[in-house]
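The chain contents come next:
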Amino acid sequence: MKVEQISRHIYSLHTWMVIPLRVWVVVEEDGVTLIDAGIPFMAKGILSFIDRLHAGPLKRILLTHGHSDHVGAVKRIRENTLVPVYAHSIEIPYLEGKQAYPRRKKPEVTVTPGVVQPLAADECGVLEGVAGLKPYLTPGHSPGHVIYYHEEDQVVLAGDLFTSKAGKLHRPMPMFTADMAQALKSSVILRELQPVHLEVCHGKPVKRPAEHLDEYLQATAQAHSLPGSVWQ
């Protein structure tokens, strides 16, 4: 597993299993936060890297969503250190196997029921910040998909909201995306955030991704025969 420091507070840990696969470690004063947990064999490398950082203990795991390639190491990590795990409340019934993900034939338990807690939100449902990160609900790839924006570093950890190709935004993998039109609507959050750096799980980083957004929206809508107004 390779490690790359992508900003002052954030490290990307990546491996390859047919396709690229990334998780992220965020270092703040109170310790370390892991964003997504990859696949099971990554657990040892993740924990070893956090130990080598000497930046404090692992405090929490934040999930972008509950697909198996994003939660696979949760069980082994928690066997070593019993940290809390968080996802959007919308996502929890799917990852616990109480509901089947859209376009899936049957439910699948990807995390043991009761392990994942809902991300904190205010009375209007707006997600609260945690560990220097601001979560945003970005449904489409999955019903409760979330991205995390590190405001100080101006970095978006985008999970599977996008993939990337030739240094630009590219559509999430269609066969695993519940609702491509909704994913396009969610992607417009980049106009608001204007990050300098965007990380995706399956692909390389994208610099100043908002500059590529219009091209991305048009190309993806055309590829899926969606109306150009779908993201309005």
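Refer to the structure presented above.
Residues numbered from 1 in each chain as written. Predicted model: local features only at pLDDT ≥ 70, side-chain atom pairs only at ≥ 80, totals over all residues. Heavy atoms only, no water.

Enquirer: Hey, could you go over helix H7 (residues 213-223) for me, with residue numbers and the actual values?
Expert: If you check which residues of H7 are buried, you get Leu213, Tyr216, Leu217, Thr220 and Ala221. Angular distribution of buried residues about the axis of H7 spans 120 degrees; they occupy a single face of the element. Opposite the packed face of H7, turned more than 90 degrees from it, sit the exposed residues Gln218 and Gln222. In this structure, the buried side of H7 is in contact with strand E12 (168-170), helix H5 (180-187) and helix H6 (189-193). Ser225, located one to two residues past H7, shows a positive phi value of around 55 degrees. (Buried < 20%, exposed > 50% of the residue type's maximum accessible area, 1.4 Å probe, protein only. Helix = DSSP H or I, 4+ residues; strand = E, 2+ residues; numbered from the N terminus. Arc of directions from axis to C-beta. Contact = heavy atoms within 4.5 Å.)

Enquirer: I'd like a description of the pattern of salt bridges, backed by residues and values.
Expert: Scanning the model with the defined rule gives 6 salt bridges in all. For the salt bridge of Glu199 with Arg22, the shortest nitrogen-to-oxygen distance reads 3.9 Å. You can see Glu199 sitting in strand E13 (residues 197-199) and its partner Arg22 sitting in strand E3 (residues 19-28), a full 177 residues away along the chain. Each member of the pair Glu199 and Arg22 is classed as buried. A salt bridge links Lys168 to Glu215; its shortest N-O distance comes to 3.4 Å. Here the residue Lys168 occupies a position in strand E12, and Glu215 occupies one in helix H7, the gap between them amounting to 47 residues. (Salt bridge = Lys/Arg side-chain N within 4 Å of Asp/Glu carboxyl O.)

Enquirer: Could you give an account of the sheet that holds strand E10 (residues 155-157), with specific residues and numbers?
Expert: Taken together, 5 strands build an open sheet; the order of strands is E8-E9-E10-E13-E14 and the sheet is mixed. What marks the edges here is a single partner per strand, and that holds for strand E8 (133-137) and strand E14 (206-207). Where E10 meets E13, 3 bridges bridge the pair, whose relative direction is parallel. The partner of Leu157 across the bridge, within E13, is Glu199. (Pairing = 2+ DSSP bridges.)

Enquirer: I'd like a description of a nonpolar patch on the surface, backed by residues and values.
Expert: On the surface, a cluster of nonpolar side chains totalling about 350 Å² of accessible area is made up of Met17, Val18 and Phe41. Note that Val18 resides in the loop between strand E2 (10-17) and E3. Owing to a relative accessible area of 72%, Val18 belongs among the exposed residues under this scheme. (Patch = residues over 30% accessible without salt bridge, like charges linked within 9 Å, V, L, I, M, F, W, Y side chains within 5 Å. Areas by Shrake-Rupley, 256 points an atom, 1.4 Å probe, with all protein chains shown as cover.)

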